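Structural features, examined
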Amino acid sequence: MCHSRESHPPIPPIAGASITHSELVLESADGTRFSAFGAVAEDAGGVGIVILPDNRGLSGFYEELALRCAELGYSAVAIDYFGRTAGTDPRGADFDPAEHMAQTTQPGVQADIAAAIGHLRGAAGGAADGAQVYAANCVACHQATGAGLPGVFPPLAGSEWALAKDAVPVNIVLQGVTGKLTVKGAAYSGQMPTFKDKLNDGEIAAVLSYVRSNFGNGAGKITADVVKAAREAGKDRSQPWNGDEDLDKLKQ
Ligand code: HEC
């Protein structure tokens, strides 16, 4: 469906909704750089939307649509189709989409959609999937139920560390833990690996939000901003936390 340049999506803006948005240049697997517009929902988690505009490519209508999605709680990114042949510079009134449309290819558009999905799942996209991050990075030790393995891997279900103030679990996942750690009255002495080079801020926020709202846990979400601040504060740290001794202080 085509819309006039001045039309707006038929969804009323939500006054006061707290979202962030930005004009983006994304890169596809084949190296193409293309324009996109991203809008991140405040309470984003798990769901992201790629908006495919009409055949004129990215325009105000679709940027507005991305904003409306984010206001409703779904992070969104609207993409442009013509990065390969028309570049990413702003376009004048004489821009002829038909000429560029004829040069698009199915694999090219698919590659751009894949890049948009990658962006949504990444640090700045606002739609990292906590369950997926958990399954790929934590489940081997802490188990699908979050119960851990008695005496070897501590539980995340009901753990005073996972449910402590945001900075505690964030720092645990960023830096890792070694030495004696007491969890729900039982002592562990294992190695929790560092994830600071493996997971980005959005992924750590998403996995911890997942941990804190599953396995019977009921603690609040953690935002990527909190992870970013802890990463910055601990950027010179090269050792994991030393169990209870270090973490008790963080908990204060
Ligand atoms: C290789 C096994 C392993 C992996 C993978 C792992 N952990 Fe751990 N984790 C541990 C061990 C062992 C400890 C306890 C460390 C100690 O005894 O000093 C721990 C401790 C913790 C703690 C604090 C104690 C508790 O039970 O609440 C949290 C929170 C935690 N891990 C979260 C995670 C998250 C989230 C992931 C995935 C991003 C993850 N861990 C991946 C082994 C692992």
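Residues numbered from 1 in each chain as written. Predicted model: local features only at pLDDT ≥ 70, side-chain atom pairs only at ≥ 80, totals over all residues.

1. A look at the overall build of the chain
A count of helices and strands for the chain gives 10 helices and eight strands. Reported as C-alpha extents along the three principal axes, the dimensions of the chain are approximately 70 × 40 × 30 Å. Put simply, 71% of the contacts in the chain that link residues at least 6 apart link residues at least 24 apart. (Helix = DSSP H or I, 4+ residues; strand = E, 2+ residues; numbered from the N terminus. Contact = placed C-beta atoms within 7 Å.)

2. Focus on the site of the ligand
Taken together, 30 residues lie around the ligand, and Cys138, Cys141, Ser159, Gly190 and Met192 are the ones closest in. When contributions to the shell around the ligand are tallied by element, the ones reaching two or more residues are helix H6 (139–142), helix H7 (167–175), strand E5 (177–178), strand E6 (181–183) and helix H8 (201–212). (Near = placed C-beta within 6 Å.)

3. Looking at the environment of Glu71
For Glu71, the location among the structural elements is in helix H1 (residues 60–71). Remark: the alpha-carbon pair of Glu71 and Thr104, spanning 33 residues in sequence, is separated by 32 Å.

4. As for the nonpolar core
If you look at the biggest cluster of nonpolar residues, it comprises 55 residues, and the most contacted ones within it are Ala36, Ala66, Ala70, Val77, Ala78, Ile204 and Val207. Two domains each provide a minimum of three residues to this core, namely domain 1 (19–121) and domain 2 (130–251). When sequence neighbours within four positions are dropped, the list of residues in contact with Ala70 reads Ile19, His21, Ala39, Val40, Ala41, Ser75 and Ala76. (Core = buried A, V, L, I, M, F, W, Y, C linked by C-beta atoms within 7 Å. Buried ≥ 20, exposed ≤ 12 C-beta atoms within 10 Å, placed from the backbone. Domains from an automatic or database assignment.)

5. Comments concerning the packing of helix H5 (residues 130–137) against H8
Closest axis-to-axis distance for the H5/H8 pair is 7 Å, and the angle between their directions is 95°. Of the possible angle classes, the one that applies to H5 and H8 is roughly perpendicular. Along its contact with H5, which presents Gly130, Ala131, Val133, Tyr134 and Asn137, the element H8 presents Glu203, Ala206, Val207, Ser209, Tyr210 and Val211. Residue composition of the contact of H5 with H8, by class: seven nonpolar, three polar and one charged. (Axes fitted to C-alpha atoms, helices over the stretch in contact; angles between N-to-C directions. Parallel < 35°, antiparallel > 145°, perpendicular 65-115°, else oblique. Nonpolar A, V, L, I, M, F, W, Y, C, P; charged D, E, K, R; others polar.)

6. Section: the domain arrangement of the chain
Domain parsing of the chain yields domain 1 (19–121) and domain 2 (130–251). When each unit is reduced to the centre of its C-alpha atoms, the spacing between domain 1 and domain 2 is 34 Å.

7. Remarks on helix H4 (residues 106–121)
With 16 residues, H4 should cover 22 Å at 1.5 Å per step; its first-to-last C-alpha distance of 23 Å lies within 8% of that length. In this fold, the buried residues of H4 make contact with strand E1 (19–27), strand E2 (33–41), strand E3 (48–51), strand E4 (75–79) and helix H2 (83–86). (Expected span 1.5 Å × (residues − 1).)

8. So, the environment of Thr178
Along the chain, the position of Thr178 falls in strand E5. Note: C-alpha distance between Thr178 and Gly243 (65 residues apart in sequence) is 5.6 Å. When neighbours within four sequence positions are excluded, Thr178 is seen to be in contact with Gln191, Pro240, Asn242 and Gly243.

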